[in-house]
Amino acid sequence: MEPLFESSVKEVSRLVGLQEKELALLEVADRAANELVVSEFEKYIERKFNAKVPEVLRKHDLMGVPISERYGGRGARQLLQSLFMERLGQLGLGVITFTDVHQCLGSLTIQDWGNEEQKKRYLTRAASGDAILAYALTEPEAGSDPVSIKTTYTRDGSGFRISGEKYLISNGSIASNLIVFAYPKGIPRGLTAFIVDSKEAGFSVDMKLEEKMGLFTSDTALLSFDGVRVPKEDMLGQEGKGLHVAYSALLNGRLGVASGCLGVMEDCLNQVKERATTRMQHGKLIGKHQLIQRHIATIASNLESSRWLVYRAALKKSEAEKSPSDLGLRLEADRQTAIAKYVSSRLAFDSADRAVQVFGGFGYSTVSPVAKHLVDTRVARIYEGTDEIMELKIASSILGKEFEAYG
Amino acid sequence: MKEGQEVQLHLTGSTTINAKRERVFQLLTDPSFIATTLPDAVEVALISSSIKVRLRITDRVPPSSARLLAEGSGSGSNLKIISTFSLEGDGTTTTRLSWVADAEITGLMAGLGSLVLRGFAEKKVGEIFAGITKGIEGAGR
């Protein structure tokens, strides 16, 4: 197992306890991550989606890590899911984005909100990798504020028709099924979630969004829905309760991103350690220059500062899921997840910035192993809840409900 | 150690070739044959450039082993590989080829780090030996 990840696993196992089969899953994740190193690097240089990611995850039966075993998944609890994402995070946030959207925003949302029929129909295919999921909430004019969504649905016989546009949708052009949010036409209330088949007439990928600062190996698209038909069986959750579905999905995705950021920091630490112990300048290894040591110390501290916040949030989330009627527990899990994501995404970005600094001029090259982390982690401070939204959530959790910015 | 960065890799591997050991040895130590089996083996696509590599075969012990030295430079990078291969026959027409290689990479390419370089090297070495195997098996007995 990769040494930094192995030390995480051992420490978590010592303090919290991991079962044999959980350790076995992490061993497999480690092998899968090793298999993806070269393709992820090559695709990053080519600025193309890395199709090897679903292929390798499928090969190792890792497409449905958090999906219940009842539907063909691995049934991972949140802590195990976080450790799995931590290992993949060493490859970069491109891999994390694909996996987080398919597993956390997609599969877990169907698992949390779907009826038995929907779970059987979609989760079994998501777990096997026959289906790839996407989550379509954001629109050109509705980012952090889902209330501004303009996509609408109308009733059509025994089903619905959805029209509108969705923007910056990860896995958008490769997904077989998407969780789409829309308001009833003419009524800006009662947001509703649907599972949409991308093969339905009226669905189109308007544009693959390749003009990104980073995240080159992740698929991002602008999607168009022109009267796309959805059978009534594919409404997800109750009609009018889409905001609850959307927010709970974002919570799942948020913890996935936070976990992936741990892996990014681990890779930054591995890379700077190698650079500092093999590169000579001014007659000595650069690791012997104390100002380089300061960067390395900070990256190591960033990693440790984030790691336990993420694990704590993961444990709290599982605890809250076991007591769904305990609102206080759910809010606490929500708060800890916000803190974990807020801290780990910022510290991953800081770590990547420091890693580039340790690499010097070569660090600025897009082929250096650390530049991708710098440009990729910037988005972790934006997607699945911006820094500012996290700050508002954290502050209102301290001040009280009457201080919530958006009531 | 010189100024700059140096990455060292140690690679091992083996494959089975459907040809007699003597024939495999003869072809593996024939630079003109080896050259025909390495279409883009020395191309470093990662940095959109290539390193020209000179190959030298030494320490021949027919038909069981030899050393292959590769040295090259280009695009601000230097590469030095010392590898040894050994052949084990089973008395029929199958030969087990095993190799050990130590690579020393300096300059810009070293900056890619051992994680990517190792993965890339393993992939390329696999392609090279697949090409050699195919070449030997297709070269007749």
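On a predicted model such as this, the values are computed, not experimentally measured, just so you know.

We now examine the side chain of Asp100 of chain A. Residue and element names in this part refer to chain A. With respect to the secondary-structure elements, Asp100 resides in helix H5 (residues 93-113). Despite being buried, Asp100 has no salt bridge partner; Lys341 is the closest side chain of opposite charge, sitting 9.1 Å away. The residues touching Asp100, leaving out its near neighbours within four places in the chain, are Met85, Leu105, Asn252, Gly253, Gly256, Val257 and Glu384.

Moving on to the interface of chain A and chain B. Facing 21 residues of chain A, the contacting portion of chain B comprises 19 residues. Surface buried jointly by chain A and chain B totals about 1600 Å² across both partners, of which 58% is contributed by carbon and sulfur atoms. The interface formed by chain A and chain B includes one salt bridge. There are five residue pairs in polar contact (both at pLDDT 80 or more) connecting chain A and chain B. Elements represented by at least two residues in the side of chain A that touches chain B include exactly helix H2 (20-46), helix H7 (242-278), strand E9 (279-281) and strand E10 (284-285) of chain A. In terms of residue class, the side of chain A that touches chain B is built from 10 nonpolar, five polar and six charged. When E9 of chain A meets strand E1 (residues 4-17) of chain B, the two strands line up antiparallel, connected through two bridges. Of the residues in E1 of chain B, the one forming a bridge with Arg279 of chain A is Gln5 of chain B.

Taken together, the seven strands give an open sheet; going across it, the order is E10(A)-E9(A)-E1(B)-E7(B)-E6(B)-E5(B)-E4(B), and neighbouring strands pair in antiparallel fashion. Each edge of the open sheet carries a strand with a single partner, namely E10 of chain A together with strand E4 (52-61) of chain B. Of the pairings in the sheet, the one linking strand E5 (residues 65-74) of chain B to strand E6 (residues 77-89) of chain B comprises 10 bridges and is antiparallel in character. Directly across from Leu69 of chain B, in E6 of chain B, lies its bridge partner Ile82 of chain B. In the packing of H7 of chain A onto the sheet, contacts are made with E9 and E10 of chain A together with E1 of chain B, and the angle to E1 of chain B comes to roughly 110°. Its contacts with the sheet put helix H1 (residues 21-28) of chain B on E1, E4, E5, E6 and strand E7 (95-107) of chain B, and the angle it makes with E6 of chain B is roughly 165°.

Criteria and thresholds
- Residues numbered from 1 in each chain as written.
- Chains lettered and ligands numbered in written order.
- Predicted model: local features only at pLDDT ≥ 70, side-chain atom pairs only at ≥ 80, totals over all residues.
- Heavy atoms only, no water.
- Helix = DSSP H or I, 4+ residues; strand = E, 2+ residues; numbered from the N terminus.
- Buried < 20%, exposed > 50% of the residue type's maximum accessible area, 1.4 Å probe, protein only.
- Lys, Arg positive; Asp, Glu negative; His and termini not counted.
- Salt bridge = Lys/Arg side-chain N within 4 Å of Asp/Glu carboxyl O.
- Contact = heavy atoms within 4.5 Å.
- Buried area = accessible area lost by both parts, 1.4 Å probe.
- Polar contact = N/O pair within 3.5 Å; in protein donor to acceptor, adjacent residues only side chain to side chain.
- Nonpolar A, V, L, I, M, F, W, Y, C, P; charged D, E, K, R; others polar.
- Pairing = 2+ DSSP bridges.
- Axes fitted to C-alpha atoms, helices over the stretch in contact; angles between N-to-C directions.

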